[in-house]
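The residues making up each chain are set out below.
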Amino acid sequence: MCWRIWHLARKKKQIAWNDARRLAKRRLEREQGRNDAADDLSELSEGEKEKCDPDVSEPIKNLSRINSDTQIWFDTDKSKHLYIVLISMHGLVRGENMELGRDSDTGGQVKYVVELARALANTKGVDRVDLLTRQITSPEVDSSYGEPIEMLSCPSHATGSCGAYIIRIPSGPRDKYIAKESLWPHIPEFVDGALNHIVNMARALGDQLNGGKPTWPYVIHGHYADAGEVAAHLSGALNVPMVLTGHSLGRNKFEQLLKQGRLSKEAINATYKIMRRIEGEELGLDAAEMVVTSTMQEIEEQWGLYDGFDLKLERKLRVRRRRGVSCLGRYMPRMVVIPPGMDFSYVTTQDSLENDGDLMSLLGSDDRAQNKTHLPQIWSEITILALMQIMRFFTNPHKPTILALSRPDPKKNVTTLLKAFGECQLLRELANLTLILGNRDDIEDMSNSSSVVLTTVLKLIDRFDLYGQVAYPKHHKQSEVPEIYRLAAKTKGVFINPALVEPFGLTLIEAAAYGLPVVATKNGGPVDILKVLNNGLLVDPHDQNAIADALLKLVADKNLWAECRKNGLRNIHRFSWTEHCRNYLSRVEHCRNRHPTNRLEIMTIPEEPMSDSLRDVEDISLRFSIEGDIKLNGEIDAAARQKKIVEAFTRMASLNSNTGIVYSPGRRQMLFVIAADCYDSNGETTETFQAMIMNVMKDAGLCFGLGKIGFVLLTGSSFRETMQALSCCPVNIEDFDALVCNSGSEMYYPWKDMVADTDYEAHMAYRWPGENVRSMAMRLARTEDGAEDDITEYVAACSSRCYSYSIKPGAKTRRIDDLRQRLRMRGFRCNLVYTRAASRLNVVPLFASRIQALRYLSIRWAIDVSKVVLFVGEKGDTDYEDLFGGLHKTIVLKGTVAYGSGKLLRNEDNFKREDAVDQGNPNIKFVETSEGQNIAGALVAIGIK
Ligand SMILES: O=c1ccn([C@@H]2O[C@H](COP(=O)(O)OP(=O)(O)O[C@H]3O[C@H](CO)[C@@H](O)[C@H](O)[C@H]3O)[C@@H](O)[C@H]2O)c(=O)[nH]1
Ligand SMILES: O=P(O)(O)OC[C@H]1O[C@](O)(CO)[C@@H](O)[C@@H]1O
């Protein structure tokens, strides 16, 4: 026993020491980053500096107000026809009878997003809200989670619908429920599915409301880390503003778990995939125009832990922007505090009555309270079941009830609460304890973390012999939750949330609405909630004596209890969804400085009389992006328009004699995309590259007839290098529909005089720091012990959207994750790729990537992503693993790539490949060589015939 204790103590010490070292290192790096940024940004005139002083900036003061009313969504805005996309990825979301507390994935976020979707759709000016979530058709869960569409009912509307829908997108194995920690590899598939839905919906809404012009989402809003990452990709593909809400943040959870000292960093990472999650959150910060938080505390102490956010720097940048002073390529998302609302439809006037009598008069004698047939009128009018479920546990049900209600998640810390209660004799005499920890049939069938919580609870009840004093009912329905709060309030009880960290805490506002004073953790949102409601006490969740004392105080002091109840009821209106939505829409309006390109908008062709053949031609020509020549929506007269179309068509037809009219670029049935990074150890293109292109084209031609298939090349090499490599290849360069060079930062159309797609470039310009990052990237890529010439600019490959650097053979440079972190800490948002067998580093815009280029083309040419086949080698550039996920098919040609850049992707203590790539993806096939026959076989095997 002694040995075990000694061993545990030693382990705890070791974890604490490692943790302290890691934190110190990070702090130092952050300081360096912030100082760098501050130095650059200090080049302002004295007058400007004063105005940049965060402490005197007026708008910043507003930020700290929990219910900012600085912006109002006016009634005039009702003429807008907004389409809003919300994403909450993990599924188990439905409009009615939500299964909150079902497991550690189903909690406040589910309620928040559904109530937000309804409230937004009910706001003037909003036509439709789609809440995207994962479709689950597993026998493990209710069949409602498999329905592709659910209309959220709105009793106040005549039609019963307010225009809010849950849209369920398949991703990953359909028949399996996947816990949120394991969803990461399925994100690309979700993105592709979501993109299909949004494009179709934009067209349909456009036809209905916008004269045929697509109605693109006003905003794409990701909830939680996973959906934040999804939203970032969607916003990149569509050029639509993105908003992020964290709900619960990985860095915070990580720090708290380490503080507990039970699990090492590695163990935490293995259980919670915390490093992958943190990267998702950082990516969300890179892309988000705005982050909605529920409290100021969330901004300062939770988002403040991230590389990509610094309050001071954000303030400086905001003031500079407002004054029209350059931000020198640096960006920080805007953080706004807009607390969630309460659904008051279940709150009755009775909840706010001051003198509502005590429980004794309601329940009658002790005997009657034990017998449901003798329940007084008031109880029989409401759902009794839940109350009986609770009451049956108590020896004396008249005592005040201390209520805890949360998901059965270790971080909710109910075990410390039980210890606090169990070891405080006075508290046990004065009060009962009710633990509502989700629903269960059999603890054995629960997820591991939930069953550990429940088992520990049962053991502690036994250890402290709390029988008759603690209720821990197995079931409750969502509709019964109000009654549970009411019961506790009637007994003059207290609500407690002792979570190790609580990002916000919906239960606290729920308790207040039902007249129940609270004791809450001082870690997180409750600090701000209690400032507004002033209805209880804050405690250190690690300190069980403090918890017991606070509970005792509220239970024993009748005046304090009444005061807290009154305050809560008086101030709860501050949490209103209507106010939330008006505030939110006004804020979003202010950050809308991006729009989808015209090219995306012209995909829908207005109906008007024309011959079939001409319509066909127009269709082709429009997809051929001649929008510079043709204006839609009747701005050019019909004759001029038709002439232009015919001219464009003739131009196109002459460009590619192989393909003919029907299967021209933009009208293909399939895209074959070659993304094999064939370089030798010096980073020179190998002959395999040419052989592979030949084989893929030959095989495609044999199997399908060339015209049906478009070819695209994706490469990390520059345009010049690509042309050089292709010149040795016995194929026509015009046979490619697109060449995507410099790791996705440039796109050229060989069939259109090799013109660069300027829309794509404009699209990619988002947050590109340009010249400002040029020397910084090189400086930061060098390691501390590296030499000056380890990394040098390679001007010949540079372009306005890509800075390329040569790496000296054998030199050490920072890995992608490390370098990205350093750039983020300085406010730079870029995508980084090592290419040409790690002999070259490309620094490109945030949304420029090979996979995003494919998404862009699929939207523009209206080719379903599932009709795209990607050919890759066994290794590749550092963006290689991004090429695998999604709805497209991938054929891995073995033996084509001997040297990749993969070793420079991530440090060992970061997440692993399996946390990013779906290992069981049925759309991936390996082929022994690049021989045509094998390719044909692989195509058949993945369902391409
Ligand atoms: O057995 C249970 C357990 C919970 N709930 C409900 O589930 C919600 C729980 O929400 P909350 O207390 O906010 O906690 P989380 O589930 O952890 O929600 C996350 O998301 C919320 C919304 O952003 C934030 O308030 C939290 O801090 C954050 O951890 C509340 O409505 C509860 O009434 C039940 O109905 N039954
Ligand atoms: O413990 P974590 O992973 O921080 O997660 C809390 C989050 O998980 C959920 O239960 C899942 O959506 C949310 O309610 C909440 O946002």
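Bear in mind that the values here come from a model prediction, so they are computed numbers and not experimental data. (Residues numbered from 1 in each chain as written. Chains lettered and ligands numbered in written order. Predicted model: local features only at pLDDT ≥ 70, side-chain atom pairs only at ≥ 80, totals over all residues. Heavy atoms only, no water.)

The secondary structure content of the protein amounts to 34 helices and 26 strands. The buried share of the protein, reckoned over its 945 residues, is 63%. Within the protein, residue pairs in contact and separated by at least 24 positions form 74% of the contacts whose partners lie at least 6 positions apart. Just so you have it, the protein exposes about 36,800 Å², and 51% of that area is on carbon and sulfur atoms. (Helix = DSSP H or I, 4+ residues; strand = E, 2+ residues; numbered from the N terminus. Buried < 20%, exposed > 50% of the residue type's maximum accessible area, 1.4 Å probe, protein only. Contact = heavy atoms within 4.5 Å. Areas by Shrake-Rupley, 256 points an atom, 1.4 Å probe, with all protein chains shown as cover.)

If you walk through the whole model with that rule in mind, you get 53 salt bridges. Of the charged contacts, one joins aspartate 310 and arginine 34 as a salt bridge, the two residues approaching to 3.3 Å between their closest N and O atoms. Residue aspartate 310 is found in the loop between helix H10 (296-302) and helix H11 (311-322), and its partner arginine 34 is found in helix H1 (residues 2-41); the two are separated by 276 residues along the sequence. Residue aspartate 310 is classed as buried on the basis of its relative accessible area of 16%. Looking at arginine 34, the relative accessible area reads 11%, which means it is buried. Note that glutamate 279 and arginine 824 form a salt bridge whose closest N and O atoms lie 3.0 Å from each other. Of this pair, glutamate 279 sits in helix H9 (residues 274-287) while arginine 824 sits in helix H32 (residues 816-825), and the two are 545 residues apart along the sequence. On the basis of relative accessibility, which here comes to 17%, the residue glutamate 279 falls in the buried class. (Salt bridge = Lys/Arg side-chain N within 4 Å of Asp/Glu carboxyl O.)

What follows deals with a negative patch on the surface. A grouping of Asp441, Asp442, Glu444 and Asp445 is seen on the molecular surface, where their side chains present a negatively charged patch. By the element assignment, aspartate 445 lies in the loop between strand E10 (432-436) and helix H18 (448-463). (Patch = residues over 30% accessible without salt bridge, like charges linked within 9 Å, V, L, I, M, F, W, Y side chains within 5 Å. Lys, Arg positive; Asp, Glu negative; His and termini not counted. Charge placed at Lys NZ, Arg CZ, Asp CG, Glu CD.)

On to the pairing of strand E7 (residues 290-293). Of the two faces of E7, the one holding Met290 and Val292 and the one holding Val291 and Thr293 are both buried throughout. In the sheet, strand E6 (residues 242-245) pairs with E7 via two bridges, with the strands oriented parallel. When the bridges of E7 are listed, leucine 244 appears paired with valine 291. In this structure, E7 lies alongside strand E8 (residues 334-337), joined through four bridges in parallel fashion. Looking at the pairing, threonine 293 lines up with valine 337 of E8. (Pairing = 2+ DSSP bridges.)

So, about the environment of arginine 26. As for its position among the elements, arginine 26 is in helix H1. With 281 residues separating them along the chain, arginine 26 and aspartate 307 place their C-alpha atoms 9.4 Å apart. Setting aside chain neighbours within four positions, we find arginine 26 in contact with Arg251, Leu305, Tyr306, Asp307, Gln821 and Met825.

The environment of ligand 2 is made up of 16 residues, and the closest members are His90, Asp105, Ser248, Lys253 and Arg277. In this structure, an oxygen atom belonging to ligand 2 sits 3.1 Å away from a main-chain N or O atom of aspartate 105. In the model, an oxygen atom of ligand 2 is placed 2.8 Å from a nitrogen or oxygen of the glutamine 109 side chain. Protein contact buries 97% of the 390 Å² of open area that ligand 2 shows by itself. Here the shell around ligand 2 is built from residues that sort into one nonpolar, eight polar and seven charged. Summarising the domain contributions, the shell around ligand 2 has at least three residues from each of domain 1 (82-96 + 105-337) and domain 2 (382-575). (Near = heavy atom within 4 Å. Polar contact = N/O pair within 3.5 Å; in protein donor to acceptor, adjacent residues only side chain to side chain. Nonpolar A, V, L, I, M, F, W, Y, C, P; charged D, E, K, R; others polar. Domains from an automatic or database assignment.)

On to the site of ligand 1, then. Taken together, 25 residues lie around ligand 1, and Gly108, His247, Arg407, Glu502 and Glu510 are the ones closest in. Within the backbone of proline 503, one N or O atom sits 3.4 Å away from an oxygen atom of ligand 1. Protein chains shield 97% of the accessible area of ligand 1, which is 680 Å² for the free molecule. Taken together, the elements giving at least two residues each to the shell around ligand 1 come down to helix H4 (108-121), helix H19 (481-490) and helix H20 (506-513). No other element matches H4, which puts four residues into the shell around ligand 1. Summarising the domain contributions, the shell around ligand 1 has at least three residues from each of domain 1 (82-96 + 105-337) and domain 2 (382-575).

Let us look at the sheet that holds strand E22 (residues 830-835). In space, the four strands of this open sheet follow the order E20-E21-E23-E22, with antiparallel pairing throughout. Every interior strand has two partners, whereas the edge strands, strand E20 (791-793) and E22, have only one. Direction aside, neighbouring strands of the sheet carry axes that sit 25 degrees apart on average. The sheet contact formed by strand E21 (residues 803-807) and strand E23 (residues 840-845) spans four bridges and is antiparallel. Bridge pairing links tyrosine 803 to valine 843 in E23. Running at roughly 20 degrees to E21, helix H31 (residues 771-781) makes contact with E20, E21, E22 and E23 of the sheet. Of the strands in this sheet, E22 and E23 are in contact with H32, which crosses E22 at around 155 degrees. (Axes fitted to C-alpha atoms, helices over the stretch in contact; angles between N-to-C directions.)

With numbering matched to this structure, UniProt assigns "domain: Sucrose phosphatase-like" (unreviewed entry) to residues 708-877. Helix and strand shares over residues 708-877 are 28% and 25% respectively, and the end C-alpha atoms of the span are 29 Å apart. (UniProt positions renumbered as here; feature names shortened; annotations may be inferred.)

Summarising burial for E21: five of the five residues are buried, a large majority. When E20 meets E21, the two strands line up antiparallel, connected through three bridges. Across the sheet, the residue bridging to glutamate 793 is tyrosine 805, located in E21.

This part takes up the sheet that holds strand E14 (residues 536-539). Taken in spatial order, the six strands make up an open sheet running E11-E10-E9-E12-E13-E14, and their pairing is parallel. Only two strands of the sheet have a single neighbouring strand rather than two, namely strand E11 (470-471) and E14. Bridge analysis of E10 against E11 gives two bridges, and the strand direction is parallel. In the sheet register, leucine 433 faces E11, and the bridge partner there is valine 470. In the packing of helix H21 (residues 526-533) onto the sheet, the strands contacted are strand E13 (518-521) and E14, and the crossing angle to E14 comes to about 160 degrees.

Turning to the packing of aromatic side chains, a few remarks are in order. Evaluated as defined, the whole model comprises 15 aromatic pairs. Where tryptophan 303 meets tyrosine 306, the ring centres are 5.1 Å apart and the plane angle is 50 degrees; that geometry is what we call tilted. We note that tryptophan 303, like tyrosine 306, is buried. Taking the centre distance of 6.1 Å and the plane angle of 45 degrees together, the rings of tyrosine 749 and tryptophan 861 count as tilted. Taken together, the positions of tyrosine 749 in strand E18 (residues 746-749) and tryptophan 861 in the loop between helix H33 (850-860) and strand E24 (868-872) put the pair 112 residues apart, joining distant regions of the chain. Each member of the pair tyrosine 749 and tryptophan 861 is classed as buried. One aromatic cluster in this structure is built from Tyr485, Phe495 and Tyr514. (Phe/Tyr/Trp six-rings, centres within 6.5 Å; stacked < 30°, edge-to-face > 60°.)

Bringing the confidence of the model for the protein into the picture now. Taken as a whole, the protein shows an average pLDDT of 84; of its residues, 84% reach a score of 70 or greater. Across residues 355-382 the pLDDT falls below 50, and counting only partners more than four positions away or on other chains, this stretch makes 42 contacts in the model. In the predicted structure, residues 601-638 sits below a pLDDT of 50 and forms 76 contacts with residues beyond four places in sequence or in another chain. Of the two predicted TM-score estimates for the complex, the pTM is 0.87 and the ipTM is 0.98. (pLDDT = per-residue confidence, 0-100.)

UniProt's entry tags residues 396-568 with the feature "domain: Glycosyl transferase family" (unreviewed entry), counted in the numbering of this structure. Each end of residues 396-568 is marked by a C-alpha atom, and these two atoms are 28 Å apart; helix forms 47% of the span and strand 14%.

This part covers the domain arrangement of the protein. Under the domain assignment used here, the protein contains domain 1 (82-96 + 105-337), domain 2 (382-575) and domain 3 (665-767 + 848-942). At the interface, 20 residues of domain 1 touch 16 residues of domain 2. In this assembly, domain 1 packs against domain 2 so that about 1,500 Å² is buried in total across both faces, 55% of it on carbon and sulfur atoms. Here domain 1 and domain 2 share one salt bridge between them. Here lysine 111 makes a salt bridge to glutamate 510, at a shortest N to O gap of 2.5 Å. At the junction of domain 1 and domain 2, the tally comes to five residue pairs in polar contact (both at pLDDT 80 or more). (Buried area = accessible area lost by both parts, 1.4 Å probe.)

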